[in-house]
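For reference, the chains in residue letters:
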Amino acid sequence: CAVGAAAALPCEAGSYSSATNLTDASECTDASPGHFATTGSTQQTACAKGSYTNETRQGECTPCPGGTYQDKGGKTECKACLQGHYCAVGAAAALPCEAGSYSSATNLTDASEC
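Residues numbered from 1 in each chain as written. Predicted model: local features only at pLDDT ≥ 70, side-chain atom pairs only at ≥ 80, totals over all residues. Heavy atoms only, no water.

A. Structural view of the overall build of the protein chain. In terms of regular secondary structure, the protein chain is built from zero helices and ten strands. For the protein chain, the succession of helices and strands along the chain, N to C, is β-β-β-β-β-β-β-β-β-β. Computed over the C-alpha atoms, the radius of gyration of the protein chain is 19 Å, more than 25% above the 13 Å expected from 2.2 N^0.38 for a compact globule of 114 residues. Structurally, the protein chain occupies a C-alpha span of about 70 × 20 × 15 Å along its principal axes. (Helix = DSSP H or I, 4+ residues; strand = E, 2+ residues; numbered from the N terminus. Rg over C-alpha atoms; globule rule 2.2 N^0.38 Å.)

Following this line, the structure appears as structure tokens:
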């Protein structure tokens, strides 16, 4: 705790620590790209499928934009959607166009665009 503090102060969002004897917020560890840490975190957490962050010290991950997807956790970027597929915002997988429809575009966000 900082000198004179009435209670322990948690690490800020985007940083973490499992130590209990910190005296300053600068002693917290920054979350790595592909990971986040909420206020008071004791460890960083990998971004979920369908989201990413390419910066350090993030308190949350960003959903993949429409027309992209991410099928793995802990990533720093999203992948372009595949031909014959569409990818909504936050997609964890490219979904195939409905039977009888197709598109060679790689940035579709909805089945109606096939």
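B. Examining the state of the cysteines more closely. Under the defined criterion, the tally for this structure stands at five disulfides. Cys81 shares a disulfide with Cys87; S-S distance 2.1 Å. Looking down the S-S bond of the Cys81 and Cys87 bridge, the torsion is 80°, so its handedness is right-handed. Summarising the burial analysis for this pair, Cys81 and Cys87 share the class buried. Described in terms of the sequence order of its bonded cysteines, the disulfide pattern of the protein chain is 1-2, 3-4, 5-6, 7-8, 9-10. (Disulfide = S-S within 2.5 Å. Buried < 20%, exposed > 50% of the residue type's maximum accessible area, 1.4 Å probe, protein only.)

C. Up close: the pattern of salt bridges. Within the structure shown, the criterion is met by three salt bridges. Between Arg57 and Asp30 there is a salt bridge, with the nearest N and O atoms lying 2.9 Å from each other. Of the two residues, Arg57 sits in the loop between strand E5 (51-52) and strand E6 (62-63) while Asp30 sits in strand E2 (residues 29-30), which places them 27 residues apart along the sequence. Salt-bridge contacts for Asp71 lead to Lys79; the nearest nitrogen and oxygen are separated by 2.8 Å. Accessibility expressed as a relative area gives 31% for Lys79, which makes it partly exposed. (Salt bridge = Lys/Arg side-chain N within 4 Å of Asp/Glu carboxyl O.)

D. Quick look at the nonpolar core. Tyr69, Cys81, Cys87, Ala91 and Ala94 form the largest nonpolar core, which has five residues in total. Setting aside residues up to four positions removed in sequence, Cys87 forms contacts with Gly66, Gly67, Thr68, Tyr69, Cys81, Ala93, Ala94, Leu108 and Thr109. (Core = buried A, V, L, I, M, F, W, Y, C linked by side-chain atoms within 4.5 Å. Contact = heavy atoms within 4.5 Å.)

E. Representation of the environment of Lys72 in the model. Considering the arrangement of structural elements, one finds Lys72 in the loop between strand E7 (68-69) and strand E8 (79-80). With relative accessibility at 43%, the residue Lys72 sits in the partly exposed group. When the C-alpha atoms of Lys72 and Thr53 are compared, they prove to be 13 Å apart, with 19 residues separating the residues in sequence. Residue contacts for Lys72: discarding those within four places in its chain leaves Ala48, Lys49 and Lys79.

F. Fine view of the side chain of Ser15. If you trace the backbone, Ser15 turns up in strand E1 (residues 15-16). Here the side chain of Ser15 touches Glu12 through a polar contact of 2.8 Å, landing on its backbone oxygen. Look past the residues within four positions of Ser15 in its chain and what remains in contact with it is Cys28, Thr29, Asp30, Ala31, Ala37, Thr38, Ser41 and Arg57. (Polar contact = N/O pair within 3.5 Å; in protein donor to acceptor, adjacent residues only side chain to side chain.)

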